[in-house]
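# What the coordinates show
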Amino acid sequence: MPLTEQPVLSVKNLTVHYGDGCPLCAAHLEKNRCSACGTVWAANDICLDVFPGEILGIVGESGSGKSTLMQSIYFDVEPTEGQAYLSDYYKGEKNIWMASSAEKRTIKNNIMGMVYQNPILGLRMDYSAAANIAEKIIAAGSRNAGQMTERAKELLTAVEILTSRMSEAPKNFSGGMQQRVQISKALANNPSLLLLDEVTTGLDLSVQAKVLDLIRKIIAEFGISVLLVSHDLAVIRMLADRTIVMLDGKIIESGLTDQILEDPQHAYTQQLVHSLL
Amino acid sequence: MNKNYNYAFLDEGSKREIRRSILKAVAIPGYQVPFGSRELPIGRGWGTGGIQITLSLIGPEDTLKVIDQGSDDSVNAVNIKKFVRLCTDVPTTTDTREASIIQTRHRVPEIPMKNDQILVLQVPIPEPLRIVEPREEVTKKMHAEKDYAPIWLQLYESLIKYKKITIGTEYPCMVENRYIMNPSPIPKFDNPKLNDSQCLYLFGAGREKKIYAIPPHTKVTSLAFDDVPFEKESFKGKKCRLCGNENTYLDEMFDSDTGEKHYQCSDTSYCKEVRMKCH
Ligand SMILES: Nc1ncnc2c1ncn2[C@@H]1O[C@H](COP(=O)(O)OP(=O)(O)OP(=O)(O)O)[C@@H](O)[C@H]1O
Ligand SMILES: [Mg+2]
Ligand SMILES: [Zn+2]
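Parameters at a glance
Residues numbered from 1 in each chain as written. Chains lettered and ligands numbered in written order. Predicted model: local features only at pLDDT ≥ 70, side-chain atom pairs only at ≥ 80, totals over all residues. Heavy atoms only, no water. Pairing = 2+ DSSP bridges. Helix = DSSP H or I, 4+ residues; strand = E, 2+ residues; numbered from the N terminus. Contact = heavy atoms within 4.5 Å. Axes fitted to C-alpha atoms, helices over the stretch in contact; angles between N-to-C directions. Expected span 1.5 Å × (residues − 1). Buried < 20%, exposed > 50% of the residue type's maximum accessible area, 1.4 Å probe, protein only. Arc of directions from axis to C-beta. Donors = N, O, S within 2.8 Å, 3.2 Å for Na, K, Ca; no water. Tetrahedral: all angles 85-135°; square planar, octahedral: opposite > 155°, others 65-115°. Buried area = accessible area lost by both parts, 1.4 Å probe. Salt bridge = Lys/Arg side-chain N within 4 Å of Asp/Glu carboxyl O. Polar contact = N/O pair within 3.5 Å; in protein donor to acceptor, adjacent residues only side chain to side chain. Nonpolar A, V, L, I, M, F, W, Y, C, P; charged D, E, K, R; others polar. Core = buried A, V, L, I, M, F, W, Y, C linked by side-chain atoms within 4.5 Å.

All names here are of chain B. Spatially, 6 strands are ordered S1-S8-S7-S4-S3-S2 in an open sheet, and the strand pairing comes out mixed. Across the chains shown, the open sheet's two edge strands, defined by having one partner strand only, are strand S1 (33–34) and strand S2 (64–68). Pairing between S2 and strand S3 (residues 101–105): 5 bridges, direction parallel. Note that in S3 the partner of leucine 64 across the bridge is isoleucine 101. Helix H2 (residues 48–57) contacts S2, S3, strand S4 (118–122), strand S7 (200–205) and strand S8 (210–214) of the sheet and is inclined by roughly 130° relative to S7.

Okay, helix H3 (residues 75–88) of chain B next. Residue and element names in this part refer to chain B. In this model, H3 (14 residues) spans 20 Å end to end at C-alpha, consistent with the 20 Å of a helix rising 1.5 Å per residue. If you check which residues of H3 are buried, you get Asn76, Ala77, Ile80, Lys81, Phe83, Val84, Cys87 and Thr88. Buried residues of H3, viewed axially, fall in a sector of 165°; they line one side. Contacts from the buried residues of H3 go to H2, S2, S3 and S4. Downstream of H3 by one or two residues, aspartate 89 has phi in the positive range, about 65°.

The next point concerns the pairing of strand S11 (residues 260–265) of chain B. Residue and element names in this part refer to chain B. As judged from the 6 bridges shared by strand S10 (residues 250–255) and S11, these two strands associate in the antiparallel manner. Within the sheet, the bridge partner assigned to leucine 250 lies in S11 and is cysteine 265. Hairpin geometry of S10 and S11 is characterised by an intervening segment of 4 residues between the two adjacent antiparallel strands and by a positive phi of about 75° at glycine 259.

What follows covers the coordination of the magnesium ion (ligand 2). Each pair of donors in an ideal octahedron of six around a metal sits at 90 or 180 degrees, and each pair in an ideal tetrahedron of four sits at 109.5 degrees. Residue and element names in this part refer to chain A. With distances of 2.0 to 2.3 Å, the protein atoms coordinating the magnesium ion (ligand 2) are Ser67 (OG) and Gln117 (OE1). In this pair, serine 67 is assigned in helix H1 (residues 66–73) and glutamine 117 in the loop between strand S7 (112–115) and helix H3 (119–122), connecting sequence segments 50 residues apart. Taking the relative accessible area as the measure of exposure, glutamine 117 reaches 38% and is therefore partly exposed.

Turning next to the coordination of the zinc ion (ligand 3). All names here are of chain A. For the zinc ion (ligand 3), the full set of protein donor atoms is Cys22 (SG), Cys25 (SG), Cys34 (SG) and Cys37 (SG), at a range of 2.2 to 2.4 Å. Here the zinc ion (ligand 3) binds 4 donor atoms, and the angle range of 105 to 118° at the metal identifies the geometry as tetrahedral. Mapped onto the sequence, the residues coordinating the zinc ion (ligand 3) show the spacing C-x2-C-x8-C-x2-C. For cysteine 22, a relative accessible area of 24% gives the class partly exposed. Judged by its relative accessible area of 3%, cysteine 25 falls in the buried class.

The next point concerns the environment of Tyr5(B). Secondary-structure assignment places Tyr5(B) in the segment before helix H1 (12–27). Tyr5(B) sits 191 residues away from Asp196(B) along the chain, and the two C-alpha atoms are 38 Å apart.

Time to look at the interface of chain B and chain A. Interfaces are frequently sized by the accessible area removed from exposure as the parts join. Across the boundary between the two partners, chain B contributes 18 residues, which contact 21 residues of chain A. Buried area between chain B and chain A, summed over both chains or domains, comes out near 1,700 Å², and the portion from carbon and sulfur atoms is 60%. Contact with chain A buries surface across chain B, with Leu153(B), Tyr156(B) and Ile160(B) losing the most and accounting together for 35% of the total. For the pair chain B and chain A, the number of links is 2 salt bridges. The salt bridge partner of Glu145(B) is Arg105(A), with a shortest N-O separation of 2.7 Å. Summed over the shared surface of chain B and chain A, the result is 8 residue pairs in polar contact (both at pLDDT 80 or more). Ranked by residues supplied to the side of chain B that touches chain A, first place goes to helix H5 (residues 149–162) of chain B with 10 residues. Split into classes, the residues belonging to the side of chain B that touches chain A amount to 10 nonpolar, 1 polar and 7 charged.

This part covers the nonpolar core. If you look at the biggest cluster of nonpolar residues, it comprises 73 residues, and the most contacted ones within it are Ile183(A), Leu228(A), Trp152(B), Tyr156(B) and Phe225(B). Considering every element that reaches this core, the biggest residue donor is H5(B), with 8 residues. Excluding residues that lie within four positions of it along the chain, Tyr156(B) makes contacts with Ala130(A), Ala131(A), Ala134(A), Ile138(A), Ala145(A), Met148(A), Thr149(A) and Phe225(B).

Next up, the structure:
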């Protein structure tokens, strides 16, 4: 990876805690929770860069802070501390977390796309699949219904959903289909960064494989940079160029995916890799 | 005039305060201005927002017309007229041209209004975004940030599901490219009359305590996609059975004896006028 390139996304010292914190926090963390004051340090001093065209994987057990990180980047969770920069927002010179709420909306619509772990967060379950995609296009300023429908058809086809089903509501779709509608919605405005939070978790193994294949295809087709979160190292191994390992809200290891798989340094990572083999 | 009440029922301070809200509404077309809605001897939901506007503006020089669903003779219209007359002695009329203030529910008169007239609309739900967002603090923010995607989405969904936009009344419109506004429960047939009009439109919602306005010659467009133009109700092939008019808003009547459907002008005073001319 040519590290001289400007990252698409750069996160600096992201910390999210639930609770007020206390002077004892640093020395009294049990996993991610301070035993003195009960504050949960969901994300703790996270730094990362996503470079153009790469897939950066984040792996970690349940509760390690993966969704907290993703939702902070997507403005759903308010960071306690830290900065984040997007190359498409003031050329990466302004902290996106300081943007006005109107600007944040624009960033969410035009620069980033998010696929939530829980599809209820990412979809309007009662609106048609086409309207779910159109929502993004409307928010980006288009007022041409025909073009929205054309784009919806194109995107649904890309995720292998029959266009004949586009007027149906996602609440009637299977879990795998819901994730695919989320993916097409996330891609609606050709964002430069795609955030995928456990896209395949909870799906049947055969459906998982299909969705993963599809993601690989789409990433190549759209030339998009991706931040991919999973608790499943097998998923990360399939897709990620580089990998970050999180534990208790902190980054404990990072490097090329192959390197981490071959030569894990941290005891937790070793255990993770071992269980994969 | 009943001397037990102040002129126009409300005390002068209250009227002045309501007029201040009206001025603010006129200064920011389409923006919902909160106002301290007063108690009236009329139940909320019976047009108290509109009545308060009328009472705060009316003076001895005025002539008042009140219509409800297009009719001057409905119980509600008659009662409002009675009430205003009781506390002002202002003359009332059914002739659209004669009135200086017209208070209405559901309709804008068929006869175009002029620049010395005010149309006061009684509004039950002033918030056009309420159908997509129940929380007042959120809709406020959406207006402030011009975040209107959800309402457009609603229209798009209607196109996807029914191949056309199915909203009949309270069809949202954009005022001067800034605020989306609910034109109260007028049929979308009347929406185009709001654009570039001669008269002043004032909207009052008593229960929700909001006043908003469309001053003369304001640009008001009914929301429509670039490729799917706005369409008002069409009464093609139908006409008023009383006056024969083909280009007014028609009410559908159902004769339960004969089982027949027929149509009649909803604006009763206009219908009457046309008939007088014919005969
Ligand atoms: N609103 C909240 N209040 C308090 N604690 C929270 C809140 N949201 C998350 N947490 C805690 O933050 C920590 C990180 O949660 P997060 O959802 O980011 O983990 P995750 O890595 O995504 O887990 P999973 O693999 O189960 O999705 C957890 O300990 C969680 O309990
Ligand atoms: Mg998670
Ligand atoms: Zn503490």
